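Commentary on secondary and tertiary structure
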Amino acid sequence: MSRPQLVWLKRDLRMRDHAPLCAAAERGPILVAYVYEPDQLDAPTHDASHLNFIRESLAELERQLVARGARLTLLRGLLPDAFERLHARVGFEAIWSHEETGHARSYARDERVKTWCRGRGIAWHEIPQHGVVRRLGSRDGWAARWTRTMRRPLLPEPERLEDALGAPDVEHVGLLGPADLGLTPSGRTEVQRGGETQAQETLDSFLAGRSVSYRTDMSSPLSAWNGCSRLSPHLAYGTISIREVAQRSAARREELKEMRARGEDLPATWLSSLASFEKRLRWHCHFIQKLEDEPALEFRNMARACDGLREDEWSEERFEAWKQGRTGYPMVDACMRALEATGWINFRMRAMLVSFASYHLWLHWPRVAEHLARLFLDFEAGIHFSQVQMQSGTTGINAVRIYSPVKQVIDQDPRGEFIRRWVPELAPVPVAYLPEPYKMPLDEAARLGCRIGRDYPRPIVENTKAMREARERLSALRRGGEARQESRAVYEKHGSRRRPPPRRRARS
Ligand SMILES: Cc1cc2nc3c(=O)[nH]c(=O)nc-3n(C[C@H](O)[C@H](O)[C@H](O)COP(=O)(O)OP(=O)(O)OC[C@H]3O[C@@H](n4cnc5c(N)ncnc54)[C@H](O)[C@@H]3O)c2cc1C
């Protein structure tokens, strides 16, 4: 008789296109387990809202497993101890899971599990779930490899599963929420919900119509709310596979092309919007690959020439003002408060928040990254740390982009709708003053009942001066020979390219 196989669920909470589940089910009876791990739940990047999303996703998965004859075993404890206890009861032969590129704590946990498996003679099969490549030798040709991976056929859901337990495990703790695990409950008001059905519906509605003007909608926090796919938490917790998203988008593009060929009147932006969306799916893996190749990016500057740039100038007061959405810059404050309430904001506004913290407030990025990680429902370590470093100018390879929070109001919220919604104390302020409310004449401010310095903060720093000084400091650093030399090495390791960099091509 074949021995039980353990399917260890991590950030892959789905039935469709689930390679470890399919491979384990082919070999014999299965145990499907998810473990609530205190050391992971306690990570500084973790938030109760993440746990709520996981709980909703697990609840749906449990129903789907039961309908197919299996069950979901929910364990609580450190790993590998929880596996040791499970193994004592059901001597499973192998563990099946997806590869994970997570933060240092999850990496350390995986190392412990690996050692335990070796000691017990248990095989641990890890299968890639994205286009991220373990032990990648070189970035050359990475994009073409990604495309091939995305084109592989999707795996069907197993129809019947053979349950290895027969009865609920004694250690089964059931679905847990923040209160059960001693986490401060989430105060979010408009948060996305977890589960495979939600993921499928989100993709369906995006491809059916929301994507029409994705390319232009993505910039403003107002239009991005519906105009972006909103798949990020689903990709982060694996309630849908990125391969399925990529394939369905490509299929929809083909369908639209055929409709156009038949003479149907389609908005001109649609096809290019979907192409742009698919490019971003590749970025998802491109950024995670950076952390996979260099896990230290979570803690230290990608370009070591930037060491010492900001570390010694930390200001708790500035950090608190930024966190609380009280910087005196309406767009920064509105985005921070929106994020707090909803767990999501569009790319440009994420970039602006980090740019403001880094350049205007001159805050070193790690605590900035941690705070945002807790706020983002879609926290994905590889994308997050790489993007935060990129927006704070510490990668050494990307152009320095300093966002003016004043210009962003004019460009992205010209009627002030977003700001008025999230910073209600500015509701009576005329549109002309919303980019810089402190420029309002005192008598007008008094008449409107919004005095700057009393009802809404004065600007924490002067915008143009802060941007100029930051640019000068960064340029001085980048001009140095050491920084230039290092940036070539960073590009070689992490740069996005289809072909080898020019210098190496010339040599070969
Ligand atoms: C400072 C900063 C931190 C970020 N942290 C995260 C994070 O923790 N998790 C996360 O998923 N995204 C992160 N992003 C990238 C991006 O902002 C989000 O992926 C996007 O806003 C999510 O919304 P969406 O699913 O509607 O995106 P869409 O625009 O619909 O894109 C579809 C998918 O493509 C991927 N994607 C899109 N843009 C990017 C990008 N610039 N880089 C990498 N992948 C991208 C995501 O997986 C996204 O879900 C960060 C960006 C910045 C500037």
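Each remark here, short or long, concerns the structure printed above.
All of these numbers come straight from a predicted model, not from anything done at the bench. (Residues numbered from 1 in each chain as written. Predicted model: local features only at pLDDT ≥ 70, side-chain atom pairs only at ≥ 80, totals over all residues. Heavy atoms only, no water.)

This part is about helix α7 (residues 196–210). For α7, spanning 15 residues, the distance from its first C-alpha to its last is 19 Å, which sits close to the expected 21 Å at 1.5 Å a residue. Looking at α7, one finds that the buried residues are E196, A199, Q200, T202, L203, F206, L207 and R210. Against α3 (48–67), α8 (214–217), α9 (221–227), α10 (232–236), α11 (242–261) and α12 (269–293) lie the buried residues of α7. (Helix = DSSP H or I, 4+ residues; strand = E, 2+ residues; numbered from the N terminus. Expected span 1.5 Å × (residues − 1). Buried < 20%, exposed > 50% of the residue type's maximum accessible area, 1.4 Å probe, protein only. Contact = heavy atoms within 4.5 Å.)

Right, let's get into the layout of surface pockets. In this model, the largest pocket occupies a volume close to 1,200 Å³. Taken together, 39 residues line the largest pocket, and the ones lying closest to its centre are R280, W283, F347, I383 and Q387. For the lining of the largest pocket, the elements supplying multiple residues, two or more each, are α10, α12, α15 (347–360) and α17 (381–391). Looking at the lining of the largest pocket, the element that brings in the most residues is α12, giving seven residues. Here the lining of the largest pocket is composed, by residue class, of 22 nonpolar, 10 polar and seven charged. (1 Å grid on protein atoms, 1.4 Å probe; cavity = no way out; pocket = protein on both sides within 12 Å on 5 of 7 lines; lining within 4 Å. Points joined across faces, edges and corners; volume = space filled by probe spheres on them. Nonpolar A, V, L, I, M, F, W, Y, C, P; charged D, E, K, R; others polar.)

Of all the seven residues making up strand β2 (residues 30–36), seven are buried; the element is thus mostly covered by neighbouring parts of the structure. Of the two faces of β2, the one carrying I30, V32, Y34 and Y36 and the one carrying L31, A33 and V35 are both buried. Here strand β1 (residues 5–8) pairs with β2 via four bridges, running parallel. The residue bridging V7 from the neighbouring strand is V32, located in β2. One crossover worth recording links β1 to the parallel β2 by way of helix α1 (residues 19–27), and it is right-handed. Here β2 pairs with strand β3 (residues 72–76) via five bridges, running parallel. (Pairing = 2+ DSSP bridges. Right-handed = clockwise from strand over helix to strand, strands pointing away.)

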